[in-house]
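What follows is each chain in one-letter form.
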Amino acid sequence: MADRYLDKDGLAKLISSVIGKGGRFIAPATVARQTVFKEVITADEVATGYILARNSFKEFLFPQTEVVADFSIRKDGVELRARDVKAVDTVVFGGRPCEAASVASLRSVFTWDFVDEFYTKREDKTVVISVACTNGDDACFCTTVGLSPESVAGSDIMLYETTKGGWLVHSVTDKGKAFVAAHEVVFGAQSADTDAVTLYNPAPIEGIDLARIGGRLKDRGHYEDPIWAELTRKCIGCGACTYVCPTCHCFDIIDEGTAFEGERRKNWDACQIDMFTLHASGHNPRDVQWKRWRNRFMCKFNFYPEKFKSTGCVGCGRCIRVCPVRLDITEAMEALSK
Ligand code: SF4
Ligand code: SF4
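(A) Local environment of the sheet that holds strand E2 (residues 24-31). Spatial ordering of the open sheet is given by E1-E9-E8-E7-E6-E2-E3, a layout of seven strands whose pairing is mixed. Two strands in the sheet have a free side with no partner beyond their single neighbour: strand E1 (4-6) and strand E3 (34-40). Averaged over all pairs of adjacent strands, the angle between their axes in this sheet comes to 30°, without regard to strand direction. As defined by bridge partners, E1 adjoins strand E9 (residues 167-171) across three bridges and the pair is classed as antiparallel.

Below, the structure written as C-alpha cells:
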C-alpha cells in the first residue's frame, strides 16, 4: 500500500520546494495554544500530536470572504466587471481523512447547478495530503458515518505515522502520484522505518442508523415535530458549528462601496444566524432557532445525500468541540434514529 517514505527533513524540503515555485503550504500549526490550519513556511511550524485542527481547511478552497466582481454606477447605467479567481498551487498537509472526505461534498455543491470557478479552480490546484488518525477524542465519530481513520476519499496522498517520527506514503490519486513523482528527492524510497503507529479506530455509535434518519427526514411530516425544539433548546445561534464544519458551504453576496463604485463580495454565511433567511419583507420562514437547527441537520442528512449524492457530515466532531453549550449532533442523530 505505502509506496514511499517521508521524514521531517523531507517535509522541510517539500515546504521549501512548494513555496519556491510560488505555491502555498497549508498545515496545522499552533496559534494561541490552539491547532489551526494556516499557511506555513517551515517544517518547525507544523504541529504534531494534534487530533484535528480547530478550523477546517475549507477556507483555503472557499475563503471566508473574497471579491468576485467590481461595479461602477454611472448616469447611463451600472457596469459590472467580473474578477478572475487567482488560484495558486496549494498543498494541504496534515488534514484528517474525515475532512478530506468533505472536499468531494463541497465540489458537488459548487458544481451542481452552476460551476463556481472560485471554488473549482482552487480545488483543482490543490493537493490534499492527509495523515491517518492515531489519536482521537469523544467527539470523533467518522466510523458512524461510514468513514474510517484511513479513508482515502478526498485525499490525493495518505500518510501513516511511523514509530520513529516519519510517515509511510500512499499515493491515492493520479494527482497525488504526479506530485510524488515531481518531488522524488523528497519522498524517499521505503526506509527501514516501516513500523506504523496503531490507528485510532472509534467504534460506531450504537443506536445511530443513517438510513432511518434519512427515511425520517424525507417525510416532511416531521417538520413541526416537537423533537426539534427539545433537541435544540440550548442552542444560542452563534453559528460556530457552521463556520468550523468542513461541509458547510453557505455564502452571501454583498455589495460594499460608495454610491458610485464598489466591490461585490462573496462572504461565508451560516444557517444558525437569525438573519439567514430573513426576507426583505421582514418575514423569516425560519423564525426560531430550532427551525434553523433543523435546517442544518436536514442539510447534512437529507439535502446532501438526496440532492448531491454525497456526504453531508463526515463525523469530524468539530461542531461538538466548538459549541459553547456543547450541543452534540450525535445525540440528535440517535434521537432521530428511533
Ligand atoms: S456536522 Fe459536525 S461532525 Fe459533521 S462534518 Fe460538520 S462539523 Fe463535522
Ligand atoms: S455552535 Fe452550538 S450554540 Fe452555536 S449555533 Fe451551533 S449548535 Fe447552536
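Anyway, onward from the coordinates.
(B) Spotlight on the sheet that holds strand E4 (residues 65-74). In spatial order, the strands read E5-E4-E11-E10; together these four strands make up an open sheet with antiparallel pairing. A strand with exactly one partner marks an edge of an open sheet, and here the two such strands are strand E5 (77-82) and strand E10 (251-257). Strand-to-strand twist across the sheet, computed as the mean angle between neighbouring axes with direction ignored, equals 25°. Of the pairings in the sheet, the one linking E4 to E5 comprises six bridges and is antiparallel in character.

(C) Main features of helix H2 (residues 97-110). Its 14 residues place the ends of H2 21 Å apart at the C-alpha level, agreeing with the 20 Å of an ideal helix rising 1.5 Å per residue. Most of H2 is tucked away, with 12 of its 14 residues classed as buried. Pro97, Cys98, Glu99, Ala100, Ala101, Ser102, Val103, Ser105, Leu106, Ser108, Val109 and Phe110 are the residues of H2 that are buried.

(D) Spotlight on the environment of Ile227. Mapping Ile227 onto the fold places it in helix H6 (residues 227-231). On a C-alpha basis, the gap between Ile227 and Ala335 in space is 8.4 Å, while along the polypeptide they are 108 residues apart.

(E) Inspection of the site of ligand 1 at higher detail. Every one of the 13 residues lining ligand 1 counts as a neighbour, but Cys245, Cys313, Cys316, Gly317 and Cys319 are closest to it. Taken together, the elements giving at least two residues each to the shell around ligand 1 come down to helix H8 (289-308) and helix H9 (318-322). Its residues placed into classes, the shell around ligand 1 shows eight nonpolar, two polar and three charged.

Rules used throughout
- Residues numbered from 1 in each chain as written.
- Chains lettered and ligands numbered in written order.
- Predicted model: local features only at pLDDT ≥ 70, side-chain atom pairs only at ≥ 80, totals over all residues.
- Heavy atoms only, no water.
- Pairing = 2+ DSSP bridges.
- Helix = DSSP H or I, 4+ residues; strand = E, 2+ residues; numbered from the N terminus.
- Axes fitted to C-alpha atoms, helices over the stretch in contact; angles between N-to-C directions.
- Expected span 1.5 Å × (residues − 1).
- Buried < 20%, exposed > 50% of the residue type's maximum accessible area, 1.4 Å probe, protein only.
- Near = heavy atom within 4 Å.
- Nonpolar A, V, L, I, M, F, W, Y, C, P; charged D, E, K, R; others polar.

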